[in-house]
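Residue-level structural notes
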Amino acid sequence: MLTILRQNIWRVAKRDFSRAWAHTSSVHSVNEQDVEHFTKILSSPSSVISTLSPSFSSSSDLENFNADWMGKYKGHATTVLKPRTTEEVSKILKYCWERQIHVVPQGGNTGLVGGSVPIQDELVISLSNLSKVRSFDPVSGILVADAGCVLESLSEHIAPHGFIMPLDLGAKGSCQIGGNVATNAGGLRLLRYGSLHGTVLGLEVVLPDGTVLDQLSTMRKDNTGYDLKQLFIGSEGTIGIITGVSILTPPAPKSTNNVVLALPSFSNVIPVFKATRQHLSEVLSAFEYFDRTAYDLALKHGHAAPFPAEEVEGAECYVLLETSGGKKEHDDEKINTLLETLLSDEDSLILTGTLSQSPSQFASLWAIREGLTEAVSKEGKAYKYDISVPVSSFAEVVGTVRARCEEKGLISRGLVKHVIGYGHVGDGNLHLNVIASEYNDEVAQTLEPFVYEVVASHRGSISAEHGIGVMKTHALKYSKDAISRQWMRKIKDIFDSKGIMNPGKVLE
Ligand SMILES: O=C(O)CC[C@@H](O)C(=O)O
Ligand SMILES: [Zn+2]
């Protein structure tokens, strides 16, 4: 199994690497002299990790930088730099630009599309030492932070002032704000606070040639022509390295609560969503979905069941609703009225529901939803599809893909263990996960381009929130037509005519 896995990684790497390199004339790998130079321009010797110089480190020090979170993509970087300032990032890039050394910017390395790991032996620039909060205004809620600040630590920093971060992800304990912005991370609060395209007020970016682009505005309104920062939100390190972020944080709600509902049929999700919007209106802050198999996996991998098993025997799927309002009694009353309505019809829309009664119950209900990615990874090797399709098609899409796996005998032969769906109903974002016993060509060929064709038939998106990375460059055409792709290429070439930035990612 290990051998097959290695071959697969290598094949993916080879394909993308050769395409990426087609755009550059001469490419240099990092050598010993380069490492020597980096040690001179960086203020601390611990900022350089390199196997090219025995005095620095061994290859095991590089393992975490070379592999992605899922263990699906693996590069062969010999050198990782951990600059401490924007100026150091600028010096590194200026040097790499002159010598055409390929670089991969890396934040918390929690992405799910292989965007933050090298494909071959690119130089990795880790942002983790750029970790200072630059300023926080407790009146406006505007936070300015270094790119390497961990999302959760920023939440902790602003909490005493009564603010929260406008985004929340399962990976909050290790993902970094610069990586969040570079990948335009969505997450669990998007329904309420919108995307980073709206909440990011400014960025500081080091361009591929080392120039520092200072767009670090703290103004909410700035209507002075082209909004350059927007280009870097979701650019996945292909046109520059984000070193600083200015972001608008919302006031913390005075009261939050959540409820998990068990639904007898997927077709009830839409009427339940509709009723929820009507009843909870402005206090609704999340409406998340997971199907029965996803729920069973969460329980199998350690999460506490919110219902006795017999109560949810006939459940086809579950939804988690969160309220963020001003007064607990008021919000809970709204939820209770909603639950009464959902249960009142002759054909009740829900089987049952559990409303959290304490902060620990609130956390454990969220843990079921937030823990799904980890539960999936414990169960097997996941083929992850992060797609936008109409909410009414979520179950149908999962069913179509499951039927295809059955038809090809992948399930009966144990190659595919589960086909599951979960995601953000409020945002029309489905996480379709096909859990295989191993990464395998037959499974991959059964799924692709099939899944992408299904998405295209809905005029959906092949990446709702995880980005393109290395995983989906070949599939971009299903969501972006030829003219759009040409303009994306032109933008890449304007900033990075030498093609040194994160080669093989986003664009082929
Ligand atoms: O595991 C996934 O496929 C999705 C991860 C994340 O975007 C989530 O919504 O939990
Ligand atoms: Zn998600």
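Model, not experiment: these values are computed from the prediction. (Residues numbered from 1 in each chain as written. Chains lettered and ligands numbered in written order. Predicted model: local features only at pLDDT ≥ 70, side-chain atom pairs only at ≥ 80, totals over all residues. Heavy atoms only, no water.)

1. With respect to the overall build of the protein
Definition in use: Numbered from the N terminus, helices here are DSSP runs of H or I no shorter than four residues, and strands are runs of E no shorter than two. Accessibility throughout is a Shrake-Rupley quantity obtained with a 1.4 Å probe, and a residue counts as covered only by protein chains that appear here. Positive: Lys, Arg. Negative: Asp, Glu. His and the chain ends are not part of the count. Taken as the charge location is NZ of Lys, CZ of Arg, CG of Asp or CD of Glu.
Regarding its fold elements, the protein presents 18 helices and 16 strands. Here the C-alpha coordinates of the protein stretch approximately 75 × 60 × 45 Å along the principal axes. On the protein, roughly 21400 Å² of surface is accessible, and the fraction owed to carbon and sulfur atoms is 52%. In the protein, 48 positive and 58 negative side-chain charges are present, and the distance between their average locations comes to 5 Å.

2. Structural notes on the packing of helix H15 (residues 394-407) against helix H17 (residues 450-457)
Worth spelling out the cut-off: Here an axis means a line fitted to C-alpha atoms, over the contact stretch when the element is a helix, while the angle between two N-to-C directions is reported on a 0 to 180 degree scale. These descriptions rest on fixed angle ranges, namely under 35 degrees for roughly parallel, over 145 for roughly antiparallel, 65 to 115 for roughly perpendicular, and the rest for oblique. By the definition used in this description, the sense in which the near helix is turned from the far one sets the handedness, with an anticlockwise turn below a right angle giving left-handed and a clockwise turn giving right-handed. Contacts were defined at the residue level, with two residues in contact if any of their heavy atoms lie within 4.5 Å. For this classification, the nonpolar set comprises Ala, Val, Leu, Ile, Met, Phe, Trp, Tyr, Cys and Pro, the charged set comprises Asp, Glu, Lys and Arg, and every other residue, Gly included, is treated as polar.
Interaxial distance between H15 and H17 falls to 11 Å at its minimum, and their mutual angle equals 150°. The angle between H15 and H17 places the two elements in the roughly antiparallel class. Seen along the crossing, H15 lies across H17 with a hand that is right-handed. Each of Val-397, Thr-400, Val-401 and Arg-404 in H15 lies in contact with H17, whose residues at this interface are Phe-450, Val-451 and Val-454. Among the residues forming the contact of H15 with H17, the class breakdown is five nonpolar, one polar and one charged.

3. A closer look at the sheet that holds strand E5 (residues 133-137)
The condition is simple: Two strands are said to pair when DSSP picks up at least two bridges between them.
Strand order in the open sheet made by the five strands is E5-E6-E9-E7-E8, with antiparallel pairing throughout. Two strands lie at the open edges of the sheet, namely E5 and strand E8 (212-215), each paired on one side alone. Going from strand to strand, the sheet's axes swing by 10° on average, the running direction of each strand aside. One ladder, built from four bridges, connects strand E7 (residues 200-206) with E8; its direction is antiparallel. Considered in E8, the bridge of Val-205 is made with Leu-213.

4. Side note on the layout of surface pockets
Where empty space is left can be seen by rolling a probe of water-molecule size over the atoms. Where we set the bar: Of the two site types, the cavity is a set of points on a 1 Å grid over the protein atoms alone where a 1.4 Å probe fits but cannot get out, and the pocket is an open set with protein on both sides within 12 Å along at least five of seven lines, each lined by residues with an atom within 4 Å of a point. Grid points are joined across faces, edges and corners, and a volume is the space filled by probe spheres set on the points. In this document the domain limits rely on a domain assignment from an automatic tool or a database.
In this structure, the second largest pocket spans a volume of roughly 790 Å³. Lining of the second largest pocket is provided by 33 residues; of these, Asn-184, Ile-233, Gly-234, Ser-235 and Lys-480 occupy positions nearest its centre. Put simply, the parts of the chain that give the lining of the second largest pocket at least two residues each are helix H9 (229-232) and helix H18 (482-495). The dominant element in the lining of the second largest pocket, judged by the number of residues it contributes, is H18, at three residues. For the lining of the second largest pocket, the residue count by class is 13 nonpolar, 15 polar and five charged. Each of domain 2 (133-248) and domain 4 (380-466) contributes no fewer than three residues to the lining of the second largest pocket.

5. What to know about the coordination of the zinc ion (ligand 2)
This is how the line gets drawn: Keep in mind that water is not among the atoms, so a site may look incomplete; donors are the N, O and S atoms within 2.8 Å of the metal, or 3.2 Å for Na, K and Ca.
In the first shell of the zinc ion (ligand 2), the protein supplies His-424 (NE2), His-431 (NE2) and Glu-465 (OE), at 1.8 to 2.1 Å from the metal. Binding-site remark: the zinc ion (ligand 2) is held by donors from one chain whose sequence spacing is H-x6-H-x33-E. Note that His-431 is positioned in strand E16 (residues 429-436) and Glu-465 in the loop between H17 and H18, a separation of 34 residues in sequence.

6. So, the UniProt feature "domain: FAD-binding PCMH-type" (unreviewed entry) in the protein
Note the threshold: UniProt positions are given in the numbering used here, feature names are shortened, and annotations may be inferred rather than shown by experiment.
Taken from the UniProt record, the annotation "domain: FAD-binding PCMH-type" (unreviewed entry) applies to residues 73-252. With 22% helix and 22% strand, residues 73-252 has its two end C-alpha atoms placed 38 Å apart.

7. Quick look at helix H2 (residues 32-41)
For clarity, the threshold we go by: The rule is simple: take the accessible area with a 1.4 Å probe, protein chains only, and divide by the maximum for that residue type; under 20% is buried, over 50% is exposed, in between is partly exposed. The directions from the helix axis to the C-beta atoms form the arc being described. Residues adjacent in sequence count toward polar contacts only when both atoms are side-chain atoms; beyond that, a polar contact is any pair of N or O atoms within 3.5 Å, and within protein one must be able to donate a hydrogen and the other to accept it.
Among the residues of H2, Asp-34, Val-35, Phe-38 and Ile-41 are the ones counted as buried. Buried residues along H2 cover an arc of 125° about the axis, so they all sit on one side. Turned more than 90 degrees away from the buried face of H2 sit Glu-32, Gln-33 and Lys-40, all of them exposed. Next to the buried residues of H2 lie strand E1 (48-50), strand E2 (79-81), helix H4 (86-99) and strand E4 (123-126). For H2, the capping residue at the N-terminal end is Asn-31, with a side-chain oxygen 3.0 Å from the backbone nitrogen of Gln-33.

8. Regarding the environment of Tyr-439
One can find Tyr-439 in the loop between E16 and helix H16 (441-447). With a relative accessible area of 5%, Tyr-439 lands in the buried category. Spatially, the C-alpha atoms of Tyr-439 and Gln-100 are 34 Å apart, while their sequence positions differ by 339 residues. Looking at Tyr-439, its side chain comes within polar contact range of the main-chain oxygen of Ala-382, at 3.3 Å.

9. Brief notes about empty space enclosed by the protein
All told, the structure shown has two cavities of 30 Å³ or more when counted by the stated rule. For the second largest cavity, the calculated volume is near 30 Å³. Taken together, Pro-166, Leu-167, Ala-185, Gly-186, Leu-190, Gly-194, Ser-195, Leu-196 and Thr-199 form the lining of the second largest cavity. Looking at side-chain class alone, the lining of the second largest cavity contains five nonpolar, four polar and no charged residues.

10. Considering the pairing of strand E10 (residues 255-263)
When you tally the buried positions in E10, you get eight out of nine residues, the bulk of the element. In this structure, E10 lies alongside strand E12 (residues 317-325), joined through nine bridges in antiparallel fashion. Directly across from Val-260, in E12, lies its bridge partner Leu-320. Two strands pair when backbone bridges link them, and E10 and strand E13 (residues 352-355) are joined in this way by four bridges, in the antiparallel orientation. Across the sheet, residue Leu-261 finds its bridge partner in E13, namely Gly-353.

11. With respect to the site of ligand 1
Just so we agree on the cut-off: Whether a residue is near a molecule or strand depends on its heavy atoms: if one lies within 4 Å, it is near.
Around ligand 1, a shell composed of Leu-112, Arg-369, Thr-373, Lys-384, Tyr-422, His-424, His-431, Asn-433, Glu-465 and His-466 is seen. In this structure, an oxygen atom belonging to ligand 1 sits 2.7 Å away from a side-chain N or O atom of Thr-373. Residue His-466 places a side-chain N or O atom 2.7 Å away from an oxygen atom belonging to ligand 1. Relative to its unbound accessible area of 300 Å², ligand 1 is 87% covered by the protein chains. Contributing elements (two or more residues each) for the shell around ligand 1: strand E15 (416-424) and E16. Looking at the shell around ligand 1 residue by residue, the classes come out as two nonpolar, five polar and three charged.

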